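One letter stands for each residue in the lines below.
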Amino acid sequence: MNGKKGSVEIDIPPPNKAKQPEDGNKSGFQGFPCKAWIWSAWEFCKDDVDRVIFSFKVGLAVLLVSLLILLRGAYEIFGTNIIWSIITVAIMFEYTVGETFNRGFNRALGSLLAAILAIAVGELAQLTGRIAEPIIIGLSIFLIAGAITSFVKLWPSLVPYEHGFRVIIFTYCFIIVSGYRMGNPIRTSMDRLYSIAIGGFVAAFVNVLVFPMWAGEQLHEELVNSFNSLADSLEECVKKYLEDEELNQAEFSEKVMDEFPDEPAYRKCRTTLNSSAKLESLADASKWEPPHGRFRNFFYPWSEYVKVGAVLRYCAYEVMALHGALHSEIQAPYNLRIAFQSEIQDAANQAAELVRSLGKDIWNMKRSLKTSLLNRVHSSTERLQRVIDMHSYLLTPHYDLLDNSSNPLPKLSHVLPTTPYDFLDQEDDVCSTNHEKSSNHLTQNLTESYYEMMRKHSRRLNSWPSSEVDPFEKGGGFRIGILPQMRAVKSTAALSLTTFTSLLIEFVVRLDHLVEAVDELSKMAKFKHEDL
């Protein structure tokens with residue numbers, strides 16, 4: 001087609017030039033996952049150094065037990081049964097000392113019960129003769145190791161000992177089958193038991209003496225951190241609500257209200273709500289630990305930490321609701337929010353101070369009276385309630401727009417900024433001081449103010465139907481019937497402030513239960529008494 005009119009020339013690059021960048025991308029792609037994995041592993045270790053320590057502790061425990069096999073003298077004494085020690089260390093060694101002791105107890109009790117049952121069934125099977133012996137052993141494995149044990153471990157009150165029942169299943173099967181082949185179930189059981197005892201001793205020895213990680217200390221620290229996170233989240237939410245003139249609305253998607261990247265305290269509060277399982281797990285592990293560190297009392301009330309955590313989550317629900325009101329579609333105007341700024345800020349600060357003080361007392365293990373702090377919190381909340389009641393006309397406008405009454409409405413102690421939202425509040429003053437103005441002139445001014453307000457704050461009130469402003473956009477005449485709609489728009493937006501303050505007051509009410517729970521913990525744990 002070359003040389004002909006209308007022909008098209010297609011330039012195809014050589015094959016070697018096309019493959020060169022592809023090979024380079026491939027080699028770079030192969031190197032990237034390795035580098036990314038190393039970096040993620042480094043960040044994982046740097047985030048919690050105890051994870052690295054735990055890994056080395058497990059390696060040390062396994063090495064110590066393996067020396068009994070690697071060293072000829074020890075191997076001649078213990079024989080091949082010492083392999084059970086390695087299995088015990090691998091199964092029993094846990095992150096904290098309490099979890100290790102809990103696993104060790106289940107391991108020891110399960111092995112002991114399985115050995116007793118295996119010896120009894122084995123001796124009974126030997127008395128029945130060679131023909132009936134394998135039948136009895138098979139039936140015992142089906143009933144004892146399978147059906148009965150698996151059914152009992154599902155019993156609700158025995159769920160904490162589920163690991164022990166698993167040990168019974170495989171230990172019984174190993175001992176009964178080995179005893180049948182070797183002809184001596186008692187000897188087989190004893191060899192298994194002392195091998196398991198060696199492994200359990202090594203695991204407990206290494207976990208307690210080499211950088212011990214106590215579940216009680218982690219539970220104590222986790223609860224105190226939850227107190228501080230709750231106080232930080234409350235202060236951050238109130239500060240953002242009062243300082244931001246234009247509140248950013250959350251985009252509704254599949255993850256509505258799930259994450260707010262610019263609010264780290266919100267994520268901490270959400271972690272507090274999800275801490276129930278962690279606190280219960282740490283409390284169960286702490287019960288197995290001996291007195292240590294600052295927790296030198298026998299039978300320390302670790303279960304009270306779980307109860308305090310439950311009451312704390314009860315308060316955290318209100319803080320999450322405050323965050324929801326902060327990011328809701330309908331917001332009170334900025335001038336109305338700052339009108340109650342001092343009262344809202346004072347109530348939130350006093351409540352946050354009380355929460356931090358409770359967490360500090362738990363951390364220092366001291367018992368102090370919170371009467372003065374609690375009274376200040378209640379006083380600030382009552383002051384907020386009184387201000388809301390005195391100036392409720394700002395929240396629920398009921399004054400007739402066309403009424404020329406000269407009775408002025410009560411005013412706040414501080415001056416409100418003048419914004420388009422003030423027109424429904426200021427029109428009473430206009431009516432009282434300008435009786436000579438006609439009703440039509442007042443109606444025209446209100447129309448212009450309303451149109452300006454809706455245009456300036458359209459993004460904040462984007463959830464409202466556009467039909468309410470259509471009469472102004474289309475240039476239609478003003479109708480008296482639109483005034484109730486204007487009141488409804490302003491009233492509904494202003495009521496979001498009532499919702500926010502109500503949630504804050506409810507949070508303060510729940511603090512009474514939190515103070516009682518902390519006081520009960522301090523009594524049972526025998527904290528040092530310190531009067532304010």
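Residues numbered from 1 in each chain as written. Predicted model: local features only at pLDDT ≥ 70, side-chain atom pairs only at ≥ 80, totals over all residues. Heavy atoms only, no water.

A word on the overall build of the chain
And step 1. Across its full length, the chain carries 19 helices and two strands.
And step 2. Here the chain holds 532 residues, and the buried ones make up 41% of them.
And step 3. A sequence separation of at least 24 residues applies to 81% of the contacts in the chain between residues at least 6 apart.
And step 4. Accessible area of the chain: about 29,300 Å², with a carbon and sulfur share of 60%. (Helix = DSSP H or I, 4+ residues; strand = E, 2+ residues; numbered from the N terminus. Buried < 20%, exposed > 50% of the residue type's maximum accessible area, 1.4 Å probe, protein only. Contact = heavy atoms within 4.5 Å. Areas by Shrake-Rupley, 256 points an atom, 1.4 Å probe, with all protein chains shown as cover.)

Quick look at the UniProt feature "transmembrane region" (unreviewed entry) in the chain
And step 1. In the numbering used here, UniProt assigns the "transmembrane region" (unreviewed entry) feature to residues 52–71, 78–98, 104–122, 134–152, 164–181 and 193–215.
And step 2. Span residues 164–181 is 100% helix and 0% strand, its end C-alpha atoms 26 Å apart.
And step 3. Within residues 193–215, the helical portion is 78% and the strand portion 0%, while the C-alpha atoms at the span's ends are 28 Å from each other. (UniProt positions renumbered as here; feature names shortened; annotations may be inferred.)

Focus on the packing of aromatic side chains
And step 1. By the definition in use, this model includes 13 aromatic pairs.
And step 2. Measuring from centroid to centroid gives 5.5 Å for Trp 84 and Phe 174, while their planes differ by 85 degrees, and the two rings are edge-to-face. Here the residue Trp 84 occupies a position in helix H4 (residues 83–92), and Phe 174 occupies one in helix H7 (residues 162–182), the gap between them amounting to 90 residues.
And step 3. Under the relative-accessibility criterion, Trp 84 is labelled buried at 8%.
And step 4. Plain terms: the ring middles of Phe 295 and Tyr 300 are 5.3 Å apart, the flat faces sit at 75 degrees to each other, and that makes the pair edge-to-face. (Phe/Tyr/Trp six-rings, centres within 6.5 Å; stacked < 30°, edge-to-face > 60°.)

Quick look at a nonpolar patch on the surface
And step 1. There is a patch of nonpolar side chains on the surface, built from Leu 60, Leu 63, Leu 64, Leu 67, Leu 70 and Leu 71 and spanning about 520 Å² of accessible area.
And step 2. A relative accessible area of 64% means that Leu 70 is categorised as exposed. (Patch = residues over 30% accessible without salt bridge, like charges linked within 9 Å, V, L, I, M, F, W, Y side chains within 5 Å. Salt bridge = Lys/Arg side-chain N within 4 Å of Asp/Glu carboxyl O.)

Remarks on the packing of helix H10 (residues 264–273) against helix H12 (residues 302–326)
And step 1. Between H10 and H12, the shortest axis-to-axis distance is 9 Å and the interhelical angle comes to 145 degrees. Viewed along their axes, H10 and H12 form a crossing whose handedness is left-handed. Along its contact with H10, which presents Tyr 266, Cys 269, Arg 270, Thr 272 and Leu 273, the element H12 presents Leu 312, Arg 313, Ala 316, Tyr 317, Val 319, Met 320 and His 323.
And step 2. Its residues assigned to classes, the contact of H10 with H12 shows eight nonpolar, two polar and two charged. (Axes fitted to C-alpha atoms, helices over the stretch in contact; angles between N-to-C directions. Left-handed = near helix turned anticlockwise from the far one by under 90°. Nonpolar A, V, L, I, M, F, W, Y, C, P; charged D, E, K, R; others polar.)

Notes on the nonpolar core
Generally speaking, nonpolar side chains in soluble globular proteins are found buried as a group.
And step 1. Counting residues in hydrophobic clusters, the biggest one holds 69 residues, and the most contacted among them are Phe 227, Leu 230, Leu 234, Tyr 305, Ile 344, Phe 507 and Leu 511.
And step 2. When contributions to this core are tallied by element, the ones reaching two or more residues are helix H9 (215–243), H10, helix H11 (276–286), H12, helix H13 (334–339), helix H14 (341–364), helix H15 (371–390) and helix H19 (482–524).
And step 3. The element contributing the most residues to this core is H19, with 14 residues.
And step 4. Dropping the residues within four chain positions of it, Leu 511 is found in contact with Cys 315, Ala 351, Leu 354, Val 355 and Val 377. (Core = buried A, V, L, I, M, F, W, Y, C linked by side-chain atoms within 4.5 Å.)

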